[in-house]
Amino acid sequence: MNPLLKEIRHSPMLWLLAFVPVVFATARLKPEAHTLLFVLSVLAIVPLATLLSHATESVAAKTGDAAGGLLNATLGNLTELVIALTALRAGEYMLVKASIAGAIVTNTLFMLGASFLLGGLKHHVQEYNRVSARMQAGLLFLATVALLIPSAVATAESEAKAAFAQELSVGLAVLLIVAYGLGMLFSLKTHRAEFAGAEHGEEGEAPWPIGTALATLAGVTVLVALVSEIFVESVQKAAEAFGMTPAFVGFIVVALVGGAAEMTSAFSGARKNRLDLSVGIALGSASQIALFVAPVLVLVSYVIGPAPMDLQFWPGAVVMMLIATLTAAFVTNSGRSAWFVGVLVLMVYLIFAMTLYLLPPRVQ
């Protein structure tokens, strides 16, 4: 554990880890202090995200950027999955759907665009494996189509509509999970050589021992999930105090805080000219949420939810997810990036954020 302790001692950002026990204590002693809990949970998630970033980079140094990006996306999405399961158990299906759609849009646009911008400001032109990016974009497009269909054809009477939406959602959930599994088999097994990262990263600090890195990944992921639960419980009341709309909170705030760990790793990779890792985290996380997390929630809702959940999103969410997917497919087609490409992607995200802040969509 010496590398971990050394990292904490020499990084002022990691001194914020002191807020982790503080937020747990405050949640137990003053659960009604929503605004305070909101601020404390954000301050606690930031250093945890930094630790997760360092640990993931150490694992990626051993496994390669493709597998490292997949690992980071998986552990980062565990936070969203825990949050969604908590809301699912409480029957807050609109919060679950908002967190799913918001995470897909935020990872696809904000994380990818900011990685291009930050990496491009330091490096004139960056290259990455476009085969991997195109496959992730293709998987995202498949998932978006699956999420679009239930909303597009839901025109029957109320009872028939509900039964139809549930049956269709279960079938789509199974198909998406199968597609995700086959995608992993394709990229990590049968065509692994096609997805190898480009060898143009900068030399950085020596990676942590693999045992320390894996232990840190496991422990920090659990803490991030626990703190994120406190964050979600307090964010709605805190949002009212800060003048934020429910739509803005679900799509933007929750997604940004929930993806803080992945974003830290993606941005760090881009600055070190390891854009394969950044693109793998951003698009891999989004496709994992769409192809695995969302379908799993549909199936699990039959066990822990008060009623089955379907994949029927309100039209505004589907449009944003579709545009985000097409934008990612468009900008990653060449396998090269510069800072202005990141600006363009971020502008699409800011258009969505401004729209949700000023005119929240009506939830069905």
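Check the entry above for the structure.
**Thoughts on the overall build of the protein**
Helix and strand content of the protein: 13 helices and two strands. In the protein, which comprises 364 residues, the share counted as buried stands at 52%. Contacts in the protein between residues at least 24 apart in sequence constitute 85% of all its contacts with a sequence separation of at least 6. Surface exposure of the protein reaches about 16,000 Å², of which carbon and sulfur atoms provide 68%.

**What about helix α11 (residues 275-304)?**
In the structure, α11 departs most strongly from a straight axis at I289, where the bend amounts to approximately 40 degrees. Here α11 lies mainly inside the structure; 24 of its 30 residues are buried.

**Focus on the packing of aromatic side chains**
Applying the stated criterion to the full structure yields eight aromatic pairs. Considering the side-chain rings of F248 and Y357, the 5.1 Å spacing of their centres and the 80 degrees angle between planes classify their relative orientation as edge-to-face. In this pair, F248 is assigned in helix α9 (residues 246-258) and Y357 in helix α13 (residues 339-358), connecting sequence segments 109 residues apart. The exposure class of Y357 is partly exposed, given its relative accessible area of 38%.

**Observations concerning a nonpolar patch on the surface**
Taken together, the side chains of F141, V145, I149, V153, F164 and L326 present a nonpolar region at the surface, about 460 Å² in accessible area. With respect to the element layout, F141 can be found in helix α6 (residues 130-152). Classification of F141 as partly exposed rests on a relative accessible area of 39%.

**Things to note about the pattern of salt bridges**
Enumeration according to the criterion identifies two salt bridges in this entry. Between K97 and D310 there is a salt bridge, and its shortest N-O distance comes to 2.7 Å. With K97 in helix α5 (residues 93-122) and D310 in the loop between α11 and α12 (315-331), this residue pair connects regions lying 213 residues apart in the sequence. Ionic pairing is found between R336 and E127, a salt bridge with its closest N-O pair at 2.9 Å. Taken together, the residues span a long stretch of sequence, with R336 in strand β2 (residues 336-337) and E127 in strand β1 (residues 126-127) at a distance of 209 residues.

**Considerations on the packing of α5 against α12**
Remark: α5 packs on α12, axes separated minimally by 9 Å, with the N-to-C direction vectors making an angle of 30 degrees. As judged from the angle between their axes, α5 and α12 are roughly parallel. The element α5 and its partner α12 pack so that their crossing is left-handed. Between α5, through A101, I104, V105, T108, L109, L112 and F116, and α12, the contact on the second element is made entirely by A317, M320, M321, A324, T325, T327, A328 and V331. Class assignment of the residues belonging to the contact of α5 with α12 gives a composition of twelve nonpolar, three polar and no charged.

**Considerations on the side chain of T108**
Of note, T108 is situated in helix α5. By relative accessible area, which is 0% here, T108 ends up buried. Engagement of the side chain of T108 in a polar contact is seen with the backbone oxygen of I104, the distance being 2.6 Å. Not counting the four nearest positions on each side in its chain, T108 is found in contact with L140, L283, A286, A324, T325, A328 and V345.

**Regarding α6**
Taking 1.5 Å of rise per residue, 23 residues should cover 33 Å, and α6 covers 32 Å from first to last C-alpha, within 8% of that figure. Along α6, the residues classified as buried are S132, A133, M135, Q136, A137, L139, L140, A143, T144, A146, L147 and P150. Sitting at the amino-terminal end of α6 is N129, which places a side-chain oxygen 2.9 Å from the backbone nitrogen of V131.

**Examining the nonpolar core**
Within the largest apolar cluster, 103 residues are counted, with the highest numbers of intra-cluster contacts made by L297 and F313. The dominant element in this core, judged by the number of residues it contributes, is α11, at 14 residues. If we ignore the near neighbours within four places in the chain, the residues touching F313 are K97, I100, A101, L147, S151, V318 and M321.

**Notes on the environment of L277**
Tracing the sequence through the fold places L277 in helix α11. Residue L277 is classed as buried on the basis of its relative accessible area, which comes to 1%. It is 9.5 Å that separates the C-alpha atoms of L277 and F267, two residues lying ten residues apart in sequence.

**Points about the packing of α12 against α13**
Contact geometry of α12 with α13 gives a least axis separation of 11 Å together with a crossing angle of 175 degrees. Taken as axis vectors, α12 and α13 run roughly antiparallel relative to one another. When α12 is examined against α13, the residues M320, I323, T327 and V331 are found in contact with a partner set consisting of V341, V345, V348, F352 and L356.

**Considering unusual backbone geometry**
Despite not being glycine, N273 has its phi angle at roughly 65 degrees, a positive value. Of note, N273 is situated in the loop between α10 (260-271) and α11.

Definitions and cut-offs
Residues numbered from 1 in each chain as written. Predicted model: local features only at pLDDT ≥ 70, side-chain atom pairs only at ≥ 80, totals over all residues. Heavy atoms only, no water. Helix = DSSP H or I, 4+ residues; strand = E, 2+ residues; numbered from the N terminus. Buried < 20%, exposed > 50% of the residue type's maximum accessible area, 1.4 Å probe, protein only. Contact = heavy atoms within 4.5 Å. Areas by Shrake-Rupley, 256 points an atom, 1.4 Å probe, with all protein chains shown as cover. Bend = angle between axes of the 7 residues up to and from the residue. Phe/Tyr/Trp six-rings, centres within 6.5 Å; stacked < 30°, edge-to-face > 60°. Patch = residues over 30% accessible without salt bridge, like charges linked within 9 Å, V, L, I, M, F, W, Y side chains within 5 Å. Salt bridge = Lys/Arg side-chain N within 4 Å of Asp/Glu carboxyl O. Axes fitted to C-alpha atoms, helices over the stretch in contact; angles between N-to-C directions. Parallel < 35°, antiparallel > 145°, perpendicular 65-115°, else oblique. Left-handed = near helix turned anticlockwise from the far one by under 90°. Nonpolar A, V, L, I, M, F, W, Y, C, P; charged D, E, K, R; others polar. Polar contact = N/O pair within 3.5 Å; in protein donor to acceptor, adjacent residues only side chain to side chain. Expected span 1.5 Å × (residues − 1). Core = buried A, V, L, I, M, F, W, Y, C linked by side-chain atoms within 4.5 Å.

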